[in-house]
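In case you want the letters, here they are:
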Amino acid sequence: MGIQMKGRSLLTLLDLESEEIRFLLDESKAFKQNKSKYIQAQPLKGKTLGMIFQKRSTRTRVSTETAMAELGGHALFLGKDDIQLGVNESLSDTAIVLGRMVSAVLARVYAHSTVETLAKHAGVPVINALSDQYHPLQGLADILTIEEHLGRLKNVKIAWIGDGNNVCHTLMIASIKMGMKMQIGTPVDYMPDISIIDYCNTNASSPEQVVVTNDPIAAVEDAEVIVTDTFISMGQEAETKEKLRKFEGFQVNQELVEHAAKNYIFMHCLPRHKEEVTDDIIYGSHSVVFDEAENRLHTVAAVLNNVI
Ligand code: CP
Ligand code: NVA
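Quick look at the structure, then. (Residues numbered from 1 in each chain as written. Chains lettered and ligands numbered in written order. Predicted model: local features only at pLDDT ≥ 70, side-chain atom pairs only at ≥ 80, totals over all residues. Heavy atoms only, no water.)

Of the regular secondary structure elements, the protein chain holds 13 helices and 9 strands. Relative to a compact globule of 308 residues, whose C-alpha radius of gyration would be 19 Å, the protein chain shows 19 Å and is just as compact. Principal axes of the C-alpha set define a box for the protein chain whose edges measure 55 × 45 × 35 Å. When contacts within the protein chain are restricted to residue pairs at least 6 apart in sequence, long-range pairs at least 24 apart make up 74% of them. In the form shown here, the protein chain has an accessible surface area of approximately 13300 Å², with 50% of it arising from carbon and sulfur atoms. Mean positive and mean negative side-chain charge positions of the protein chain (30 and 40 charges, respectively) differ by 6 Å. (Helix = DSSP H or I, 4+ residues; strand = E, 2+ residues; numbered from the N terminus. Rg over C-alpha atoms; globule rule 2.2 N^0.38 Å. Contact = heavy atoms within 4.5 Å. Areas by Shrake-Rupley, 256 points an atom, 1.4 Å probe, with all protein chains shown as cover. Lys, Arg positive; Asp, Glu negative; His and termini not counted. Charge placed at Lys NZ, Arg CZ, Asp CG, Glu CD.)

Quick look at the structure:
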């Protein structure tokens, strides 16, 4: 039996076996290298994707709409003020109605339980376009970018610096599934969710595979990849003052990267704020952030082409 993903939801990378992630990375590369073939074949002709966005987006929205157009399908943007989502109508009713009309639903939400409810009731595949817990589409683009730049995933040493957030959780799961090592440096109050740490501890190939510390220098030691993200995720704006105080010392700057491997690459899912990384690093010669952003298109195309 080959890889079968048609009709399946993607709410977190936990939904995918390692072989399925491998398959999606290879499909992403095929799409990237041979896009005209897909544009000609129009594999999603007649298919519609409903895209619910409770939060803002540049990369996720543009990559998904572009991929749907290139694959021959149609994408329907449903912003937070456009539909009845949980305001005038229950979430489950909205999910059922959408599922009667569209081929799949993509949703960017606050609570992860929202995408779970959509998936439970829609009867069509639901793709998580970011929730408070996970960002699986970003995770796929990130590991594609690592593989392209370092030539492998196995035993790649990743340092995550900053907030133990949705993107961090996703890379932790990706590391367990694809054999990378991860050293996570966060302030004490912003460590990754305990359930994800437990998942890593239970499934790691060795106790060193995914390690959490509160020392950013220890996390960066010998890293081949340094990753950070905004300290203030969407929806956390009220915590800005307190978070900025607690994240002092966690900025990726020249002093910190001195501790990394010589040819390290720097990654950030974007959008970026100044407090988590200095200009000389994000626009410097080690940075691959715009390759990473471009890979959002190729990876979402692979996901859409295989689940719809
Ligand atoms: N990285 C990412 O998801 O970007 P957007 O918020 O612009 O979609
Ligand atoms: N952690 C960030 C990622 C943005 C793409 C957020 O949730 O806002």
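After that view of the structure, there is still more to cover.
Here H135 lies in the loop between β4 (126-128) and α6 (136-150). Each residue touching H135, except ones within four places of it in the same chain, is listed here: T60, R108, A129, L130, N166, V167, T170 and R296.

Let us now look at unusual backbone geometry. Residues other than glycine predominantly adopt negative phi, and peptide bonds predominantly adopt the trans conformation. The omega torsion of the bond from L270 to P271 falls at 5 degrees, within 30 degrees of zero and hence cis. Note that P271 resides in the loop between β9 (265-268) and α12 (279-282). Despite not being glycine, D222 shows a phi value in the positive range, around 65 degrees. By secondary structure assignment, the location of D222 is in the loop between α9 (216-220) and β8 (225-228).

This part covers the site of ligand 2. Lining the immediate surroundings of ligand 2 are L130, N165, N166, D229, T230, S233, M234, C269 and L270. One of the side-chain nitrogen or oxygen atoms of N165 is found 3.3 Å away from a nitrogen atom of ligand 2. At 2.8 Å, a side-chain N or O of N166 approaches an oxygen atom of ligand 2. The fraction of the free accessible surface of ligand 2 (270 Å²) that becomes covered by protein chains is 95%. (Near = heavy atom within 4 Å. Polar contact = N/O pair within 3.5 Å; in protein donor to acceptor, adjacent residues only side chain to side chain.)

What follows concerns the packing of aromatic side chains. Applying the stated criterion across every chain, the model contains 5 aromatic pairs. For the pair F247 and F250, a centre-to-centre distance of 6.4 Å together with 70 degrees between the ring planes defines the contact as edge-to-face. Look at F250 and you get buried, because its relative accessible area is 6%. Put simply, the rings of Y190, F231, F247 and F250 pair up and form one aromatic cluster. We note R61 situated over the ring of F77; from NZ or CZ to the ring centre the distance is 3.6 Å. (Phe/Tyr/Trp six-rings, centres within 6.5 Å; stacked < 30°, edge-to-face > 60°. Buried < 20%, exposed > 50% of the residue type's maximum accessible area, 1.4 Å probe, protein only. Lys NZ or Arg CZ within 6 Å of the ring centre and 35° of its normal.)

Turning our attention to the sheet that holds strand β2 (residues 74-79). Strand order in this open sheet of 4 strands is β2-β1-β3-β4, and the pairing throughout is parallel. Single-partner strands in this sheet number two, and they are β2 and β4. Shown here is a sheet whose adjacent strand axes are inclined to one another by a mean of 20 degrees, direction ignored. (Pairing = 2+ DSSP bridges. Axes fitted to C-alpha atoms, helices over the stretch in contact; angles between N-to-C directions.)

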